[in-house]
Amino acid sequence: MRAYKVTETGQPPRLAQCDTPIPATGEVLVKIHACGLNFADLLMIKGKYQDTPAVPFTLGLELSGTIEAVGPGADSSLTGKNVAVFAGQGGLAEYGCFPVDRCVVMPENMSFAEAAAFQVAYGTSHVALDYKARLQAGETLLVLGAAGGVGLTAVEIGKRMGARVIAVARGAAKLDVARKAGADICIDAEVDDLREQIKALGGADVVYDAVGGDLFRAAFRATNPDGRILAIGHASGDVPQIPANHLLVKNISVLGLYWGGYMKFKPSVLTDSMAQLFSWFAEGGLTPHISHELPLERADEALELLKSRRSTGKVVVTMHSPA
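What comes next concerns the included structure. (Residues numbered from 1 in each chain as written. Predicted model: local features only at pLDDT ≥ 70, side-chain atom pairs only at ≥ 80, totals over all residues. Heavy atoms only, no water.)

**Brief notes about the overall build of the chain**
Okay, step 1: Assigned secondary structure in the chain consists of eleven helices and 16 strands.
Okay, step 2: For the chain, the C-alpha atoms occupy an extent of roughly 60 × 40 × 35 Å along the three principal directions.
Okay, step 3: Among the 323 residues that make up the chain, the fraction classed as buried is 53%. (Helix = DSSP H or I, 4+ residues; strand = E, 2+ residues; numbered from the N terminus. Buried < 20%, exposed > 50% of the residue type's maximum accessible area, 1.4 Å probe, protein only.)

Take a look at the structure:
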């Protein structure tokens, strides 16, 4: 089988031939159809992600496919089921073995590409907005990087939860994508004074930030008293420093979120959230946005789309076509 592997930290991954794995106790063998890319994949290549595996490893945090075999202790009735898997690694390959408790049976109306693009982006935004920030109907939600993989889902979920959504993204094309996802107000990230524009709109009650840098600093200063700022990531490469005295004066809370971390210490947060999200999808209430879908042999190009920020929503790499 083929797998897209990191063999040396900091060096470009490569497509390699390797043996098809055999599932161990509690594992299933999945024939992988699609893998959703994430910013974390880029950090893993550099060895800078908090959960970077030891080299060599196969890239790909989340995937979808069909269970072809089960290991000892796994339910044999799962064979043949189509599943979405948050694996942490191993998604950019034609086959992989994963713990059975990482597998979620896909809704019947969900495609493999949608399933591969779903868990991390929608899961991050739902846990952030619902569990962490307790976003309320009628509040103003400000989403930075609103056309990106997680940002776009924050727009969609925030609107579904009844918030007024302000989307910040770079350029008319990306703002149009955010508008179609439900944003009420769209602001180009290139504006001279983002802080004043947000304040003129009444300020933000909840800020969803996957960008960091200057956008965070502007949003921080435009957050209303008793507001909540969600620190999701820092795609800009600029990790902001937070003045604690301003938090005190304005009664602002800054809430960090590493979605995958809950798998280790409080997995019920993720399973409850994912059950709600899959239910919404099955009802037609969520629409994953995939801007690019490329085959495994073009994985280099797929990662470059992510790195250069030329994609919107998710980039998906495909392995096998469904039978």
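**Here we look at the environment of Met 161**
Okay, step 1: Mapped onto the fold, Met 161 is located in the loop between helix H4 (151–160) and strand E10 (164–169).
Okay, step 2: The exposure class assigned to Met 161 is buried, which follows from its relative accessible area of 16%.
Okay, step 3: Each C-alpha atom of the pair Met 161 and Gln 136 lies 7.1 Å from the other, and the pair is 25 residues apart in sequence.
Okay, step 4: Setting aside its immediate chain neighbours within four residues, Met 161 contacts Leu 129, Asp 130, Leu 135, Gln 136 and Ala 137. (Contact = heavy atoms within 4.5 Å.)

**Structural notes on the sheet that holds strand E2 (residues 14–17)**
Okay, step 1: As summarised here, the arrangement of the three strands in space is E2-E1-E4, forming an open sheet in which the pairing is antiparallel. The open sheet has two edge strands, E2 and strand E4 (57–58), and neither has a second partner.
Okay, step 2: Where strand E1 (residues 2–6) and E2 come together, four bridges link them in antiparallel fashion. Directly across from Arg 2, in E2, lies its bridge partner Gln 17. (Pairing = 2+ DSSP bridges.)

**Quick notes on the nonpolar core**
Okay, step 1: With 90 residues, the main nonpolar core has Leu 59, Phe 118, Leu 129, Leu 141, Tyr 208 and Leu 230 as its most contacted residues.
Okay, step 2: No other element matches the seven residues that helix H10 (residues 267–282) contributes to this core.
Okay, step 3: Ignoring sequence-local partners within four residues, the contact set of Leu 230 consists of Ala 128, Leu 129, Lys 132, Ala 133, Val 206, Val 207, Tyr 208, Asp 209 and Leu 255. (Core = buried A, V, L, I, M, F, W, Y, C linked by side-chain atoms within 4.5 Å.)

**Focus: the side chain of Thr 58**
Okay, step 1: Counting through the fold element by element, Thr 58 comes out in strand E4.
Okay, step 2: Taking the relative accessible area as the measure of exposure, Thr 58 reaches 10% and is therefore buried.
Okay, step 3: A polar side-chain atom of Thr 58 sits 3.2 Å from a polar atom in the side chain of Lys 5. (Polar contact = N/O pair within 3.5 Å; in protein donor to acceptor, adjacent residues only side chain to side chain.)

**Things to note about the pattern of salt bridges**
As a working rule, side chains carrying opposite charge can pair if their charged atoms are close by.
Okay, step 1: Taken as a whole and judged by the stated rule, the model has 13 salt bridges.
Okay, step 2: The partner of Arg 179 in a salt bridge is Asp 176, with the nearest N and O atoms 3.8 Å apart. Taken together, the residues span about one helical turn, with Arg 179 and Asp 176 both in helix H5 (residues 172–180) at a distance of three residues.
Okay, step 3: Overall, the relative accessible area of 30% leaves Asp 176 in the partly exposed class.
Okay, step 4: A single network of salt bridges, built from pairs that share partners, joins Arg 2, Glu 94 and Glu 297. (Salt bridge = Lys/Arg side-chain N within 4 Å of Asp/Glu carboxyl O.)

**Observations regarding the sheet that holds strand E13 (residues 223–231)**
What holds strands together in a sheet is hydrogen bonding between their backbones, with the strands either parallel or antiparallel.
Okay, step 1: Taken together, six strands build an open sheet; the order of strands is E11-E10-E9-E12-E13-E14 and the sheet is parallel. Looking at strand neighbours, the two that pair on one side only are strand E11 (185–188) and strand E14 (253–256), the edges of this open sheet. When the angles between neighbouring strand axes are averaged without regard to direction, this sheet yields 20 degrees.
Okay, step 2: Here strand E9 (residues 140–144) pairs with strand E12 (residues 204–209) via four bridges, running parallel. (Axes fitted to C-alpha atoms, helices over the stretch in contact; angles between N-to-C directions.)

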